[in-house]
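Each chain, written out:
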Amino acid sequence: MTSGQSVTLLLVLALVLVAAKTLGSLLARLGQPAVIGEILAGILLGPTLLPDAVQRTLFPADIHLVLSALGSLGVALFLFLIGQELALHPPRRQTKVVLAATAGSIAVPFGLACLLAVTVVEPSAGGSLGYTLFLGTAMSVTAFPVLARIVRDRDLLGTPVAGIALASAAIGDLLAWSMLAVTVMVASGHSQWRLPLMIPLLALMFAAVRPLLARWADRRARLGRTREPYEVALAGLLACGAATEWLGLHFIFGAFLFGLVMPSGPGGLREPAGRQLGLVTEYLLLPVYFVVAGAKVDLSRLGTSGLAEFSAIMLVAVGGKYLGAAGAARWSGLDWRRCLVLATLVNTRGLTELIILTAGLQLGLLDQRLYSLMVLMAVLTTVMAGPVLRALYPPRLAARDRARAAAGEPLPERSPVTTGPAAVAEPHQ
């Protein structure tokens with residue numbers, strides 16, 4: 001890279017970070033996740049508003065390639081951190097609701113999206129099975145990290161409904177990455193003979209690598225070593241990502257897998273490694289990824305047909321989540337108000353959706369038009385969570401539920417088979 005290219009890269013990187021953090025902070029003040037502002041920064045710097053000539057000046061091909069590489073590294077680190085966080089501890093009294101809500105919030109939008117793929121939305125990959133499975137996966141995902149941020153910002157931690165939503169989203173994320181792996185296998189036209197090697201790789205990671213890391217962590221703790229083990233995490237996730245990429249899957253699966261096998265507990269590696277890598281990921285690499293991904297969105301040429309497709313996408317995405325999650329939770333005995341709160345929480349997509357959509361764009365399963373519509377859906381379904389939660393679940397009700405949970409009292413329930421006046425009503429709010 002020449003001196004001039006280096007100067008251009010540094011200036012573009014500074015612009016990207018300033019735009020991402022400025023809009024991210026603005027949206028955070030408005031009660032929205034900062035990730036929404038960072039995605040919007042990319043959209044504002046993309047072809048939706050800027051002419052092609054300005055785009056080429058701002059993001060020359062060689063600079064765009066470097067930014068994309070930095071963003072990809074950020075995604076790998078992020079998936080590694082998410083893999084560490086997905087230790088499931090659902091509330092014992094709500095296990096039935098967790099499992100039912102997880103099944104409903106995935107199965108219903110997945111089925112509706114597959115129907116949409118073969119009827120309304122024009123295929124980007126010739127109507128292939130891979131395209132249909134991909135659209136179903138993209139519609140059924142819930143963004144666990146964004147949901148966790150919303151729960152914290154809305155002061156919902158400690159409420160049973162938030163615990164149910166987080167457990168459901170964690171299980172759903174595992175299933176979503178598994179479904180995406182299957183989709184990649186179906187859609188890949190090469191290296192299919194390598195894919196069965198994923199089974200011995202999984203066995204190696206859990207049966208050999210994880211115990212070795214645990215022993216190394218214990219030895220490190222006994223010797224009193226305080227240096228953060230981020231170099232082990234970095235080397236491991238990159239090597240595991242390279243392995244899954246070679247197998248014909250996306251590198252993000254390898255990073256996620258290495259996060260899953262990192263040992264926890266006393267002397268474990270999860271917390272110290274995550275603390276170091278989380279800083280550079282959150283403040284540098286992910287904002288670059290958001291802006292690069294948002295800059296691929298072009299809403300300037302959608303037209304009437306694009307608006308019709310977007311309406312159908314929103315109907316399936318939102319309707320599928322609400323029907324599936326709220327219906328399953330209601331069947332499990334949860335009252336209607338909290339069923340709708342739960343559905344609102346698991347309807348958030350945000351970052352996880354963006355990663356999946358970018359993978360679909362790279363695989364050729366989406367064109368830019370459908371990618372743009374799906375990104376817009378991800379933004380709107382996440383943005384709507386705040387206002388809907390304010391209406392459905394005011395602070396006084398959340399505080400009451402938190403107190404009930406602390407006292408060991410169950411949530412207000414209505415029998416799944418009892419309706420009408422005989423149903424047990426919730427106390428007046």
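Owing to the predicted nature of the structure, the values given are computational and were not obtained by experimental measurement.

**Overview of the confidence of the model for the protein**
Then comes step 1: Taken residue by residue, the protein gives an average pLDDT of 81. The fraction at 70 or more is 85%.
Then comes step 2: Averaged pLDDT values over the elements of the protein bottom out at 77 in helix α12 (residues 270–294) and peak at 93 in helix α14 (residues 336–346).
Then comes step 3: Confidence over residues 415–429 falls short of pLDDT 50; this stretch has 22 contacts with residues more than four positions distant or in other chains.

**Structural notes on the side chain of Thr344**
Then comes step 1: Relative to the helices and strands, Thr344 is located in helix α14.
Then comes step 2: Accessibility expressed as a relative area gives 1% for Thr344, which makes it buried.
Then comes step 3: A distance of 2.6 Å separates the side chain of Thr344 from the side chain of Tyr322, its partner in a polar contact.
Then comes step 4: Within the structure, Thr344 has its side chain in polar contact with the backbone oxygen of Leu340 (distance 2.8 Å).
Then comes step 5: Among all residues touching Thr344, those that are not within four sequence positions of it are Tyr322, Ala385, Val388, Leu389 and Leu392.

**With respect to the packing of aromatic side chains**
Then comes step 1: With the rule as written, the count across this model stands at 2 aromatic pairs.
Then comes step 2: Here the aromatic rings of Phe80 and Phe258 are separated by 6.1 Å at their centres, their planes lie at 25°, and the arrangement is stacked. With Phe80 in helix α4 (residues 61–85) and Phe258 in helix α11 (residues 251–261), this pair connects stretches of sequence that are 178 residues apart.
Then comes step 3: Residue classification places Phe258 among the buried residues on the basis of a relative accessible area of 5%.
Then comes step 4: Over the ring of Trp331 we find Lys96; its NZ or CZ atom is 5.1 Å from the centre of that ring.

**Here's the deal with the packing of helix α16 (residues 368–383) against helix α17 (residues 385–392)**
Then comes step 1: Orientation of α16 relative to α17, taken along the N-to-C sense of each, is 25°, at an axis distance of 5 Å. The pairing of α16 with α17 is recorded here as roughly parallel in orientation. Contacts from Thr381, Thr382 and Val383 in α16 reach Ala385, Gly386 and Pro387 in α17.
Then comes step 2: Classifying every residue of the contact of α16 with α17 by side-chain character gives 3 nonpolar, 3 polar and no charged.

**Remarks on the packing of helix α7 (residues 144–153) against helix α8 (residues 160–187)**
Then comes step 1: Relative to each other, α7 and α8 sit at 170°, their axes nearing to 9 Å. Looking at the two axes, α7 sits roughly antiparallel to α8. Where α7 crosses over α8, the handedness of that crossing is left-handed. Packed against α7, whose contacting residues are Phe144, Pro145, Leu147, Ala148 and Val151, the element α8 presents Ala162, Ala165, Leu166, Ala169, Ala170 and Asp173 at the interface.

**Things to note about the side chain of Thr132**
Then comes step 1: By the element assignment, Thr132 lies in helix α6 (residues 129–140).
Then comes step 2: Assessed through its relative accessible area of 11%, Thr132 is described here as buried.
Then comes step 3: Those residues in contact with Thr132 that sit more than four places away from it in its chain are Cys114, Ala117 and Val118.

Parameters and conventions
Residues numbered from 1 in each chain as written. Predicted model: local features only at pLDDT ≥ 70, side-chain atom pairs only at ≥ 80, totals over all residues. Heavy atoms only, no water. pLDDT = per-residue confidence, 0-100. Helix = DSSP H or I, 4+ residues; strand = E, 2+ residues; numbered from the N terminus. Contact = heavy atoms within 4.5 Å. Buried < 20%, exposed > 50% of the residue type's maximum accessible area, 1.4 Å probe, protein only. Polar contact = N/O pair within 3.5 Å; in protein donor to acceptor, adjacent residues only side chain to side chain. Phe/Tyr/Trp six-rings, centres within 6.5 Å; stacked < 30°, edge-to-face > 60°. Lys NZ or Arg CZ within 6 Å of the ring centre and 35° of its normal. Axes fitted to C-alpha atoms, helices over the stretch in contact; angles between N-to-C directions. Parallel < 35°, antiparallel > 145°, perpendicular 65-115°, else oblique. Nonpolar A, V, L, I, M, F, W, Y, C, P; charged D, E, K, R; others polar. Left-handed = near helix turned anticlockwise from the far one by under 90°.

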